[in-house]
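Chain by chain, the residues:
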Amino acid sequence: MSRLPTLRSAAHLMSAAVMAAFLAGCGFQLRGAPPVSSALEPLAVDCSSQIPGTLCQSIREQLTLGDVSLVPVADADYILRLRNFTRDRRASAITAQAGAAEYTLRHSVDLEVISADRVPMVATTRLNTSESYRYDETNVLAKQREEETLRQQMDDRLAQQVIFRLAPLTRERIEAIRTEYQRNQEADASATGKP
């Protein structure tokens, strides 16, 4: 009789774990992610070869969930470019025996958005995310799995940052950027004496 509540608690925990895994696996979009304007369609996601596939995939999934039409670069009106991905892992706390007690992971990537006619919509911007975790020399395998999970979460957070950078690009904002860009081009041309 006394084991029944324990079994129920275990069943509830198992159900919660299965639901969390399901939501993570289906590309569940975090609440609070802003919508991306249809003014950016059709959009291409252009990841350089050194961008992790998990990051690029996470961005594409977020955009697809937001009903953004994704196409190859050659067919796009706007191109989201990701370059210069860096991954860093540093000891952030040391044990009395001079071993690592905690590590900090950092992921960074450059983002830019340009139109098909080369007008920069979002200038090159560096996005960063970091996460720390406790290290245990006696449980290396579990800590490696924890680090892999954290890295996936960090890629998802970078993808969220990308979506937040795209959200302000409404049709009105894009027109304002184009007008300002053209004005600057004309000012530069008259300053150098070129027609």
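Just above sits the structure.
Residues numbered from 1 in each chain as written. Predicted model: local features only at pLDDT ≥ 70, side-chain atom pairs only at ≥ 80, totals over all residues. Heavy atoms only, no water.

Draft legend 1. Here's a closer look at the state of the cysteines. Here the structure, examined in full by the defined rule, presents one disulfide. Cys47 shares a disulfide with Cys56; S-S distance 1.6 Å. Between Cys47 and Cys56, the S-S dihedral sits near 100 degrees, and the bridge is therefore right-handed. When sorted by exposure, Cys47 lands in the same class as Cys56, which is buried. (Disulfide = S-S within 2.5 Å. Buried < 20%, exposed > 50% of the residue type's maximum accessible area, 1.4 Å probe, protein only.)

Draft legend 2. Structural view of helix α4 (residues 171-192). Here α4 contains 22 residues, and its C-alpha end-to-end distance of 32 Å stays within 8% of the 32 Å for a straight helix at 1.5 Å per residue. All of the buried residues along α4 are Ile174, Ile177 and Ala189. The arc enclosing the buried residues of α4, seen along the axis, measures out at 105 degrees, which places them on a common side. Residues of α4 that are exposed and point over 90 degrees away from its buried face: Glu172, Ser190 and Ala191. (Helix = DSSP H or I, 4+ residues; strand = E, 2+ residues; numbered from the N terminus. Expected span 1.5 Å × (residues − 1). Arc of directions from axis to C-beta.)

Draft legend 3. Quick look at the pattern of salt bridges. Scanning all chains against the criterion turns up seven salt bridges. Residue Asp46 is joined to Arg81 by a salt bridge in which the shortest nitrogen-to-oxygen separation is 3.5 Å. Of this pair, Asp46 sits in strand β1 (residues 43-47) while Arg81 sits in strand β2 (residues 78-94), and the two are 35 residues apart along the sequence. Look at Arg81 and you get buried, because its relative accessible area is 18%. One salt bridge in this structure joins Asp117 and Arg178, with 3.0 Å as the shortest N-O distance. Of the two residues, Asp117 is situated in the loop between β3 (100-115) and β4 (120-134) and Arg178 in helix α4; the sequence distance between them amounts to 61 residues. Among the residues examined, Asp117 registers a relative accessible area of 48% and is labelled partly exposed. Judged by its relative accessible area of 23%, Arg178 falls in the partly exposed class. One salt-bridge network, in which partners are shared between bridges, spans Asp46, Arg81, Arg83 and Glu112. (Salt bridge = Lys/Arg side-chain N within 4 Å of Asp/Glu carboxyl O.)

Draft legend 4. Quick peek at the environment of Ser130. Tracing the sequence through the fold places Ser130 in strand β4. Between the C-alpha atom of Ser130 and that of Asp88, which follows or precedes it by 42 residues, the distance is 9.1 Å. Each residue touching Ser130, except ones within four places of it in the same chain, is listed here: Thr104, Leu105, Arg106, Met154 and Arg157. (Contact = heavy atoms within 4.5 Å.)

Draft legend 5. Structural view of the environment of Thr86. Structurally, Thr86 is set in strand β2. Expressed as a C-alpha distance, the spacing of Thr86 and Val109, which sit 23 residues apart in the sequence, is 6.5 Å. Once you skip the residues sitting within four places of it in the chain, Thr86 turns out to touch Arg106, His107, Ser108 and Arg126.

Draft legend 6. Structural detail: the side chain of Asp110. Looking at the element boundaries, Asp110 is found in strand β3. Looking at Asp110, the relative accessible area reads 14%, which means it is buried. Engagement of the side chain of Asp110 in a polar contact is seen with the side chain of Asn84, the distance being 2.7 Å. The residues touching Asp110, leaving out its near neighbours within four places in the chain, are Arg81, Leu82, Arg83, Asn84, Thr124, Thr125 and Arg126. (Polar contact = N/O pair within 3.5 Å; in protein donor to acceptor, adjacent residues only side chain to side chain.)

Draft legend 7. Representation of the side chain of Ser58 in the model. Relative to the elements of secondary structure, Ser58 occurs in helix α2 (residues 53-65). The buried category is assigned to Ser58, whose relative accessible area is 5%. Setting aside residues up to four positions removed in sequence, Ser58 forms contacts with Asp155, Asp156 and Ala159.

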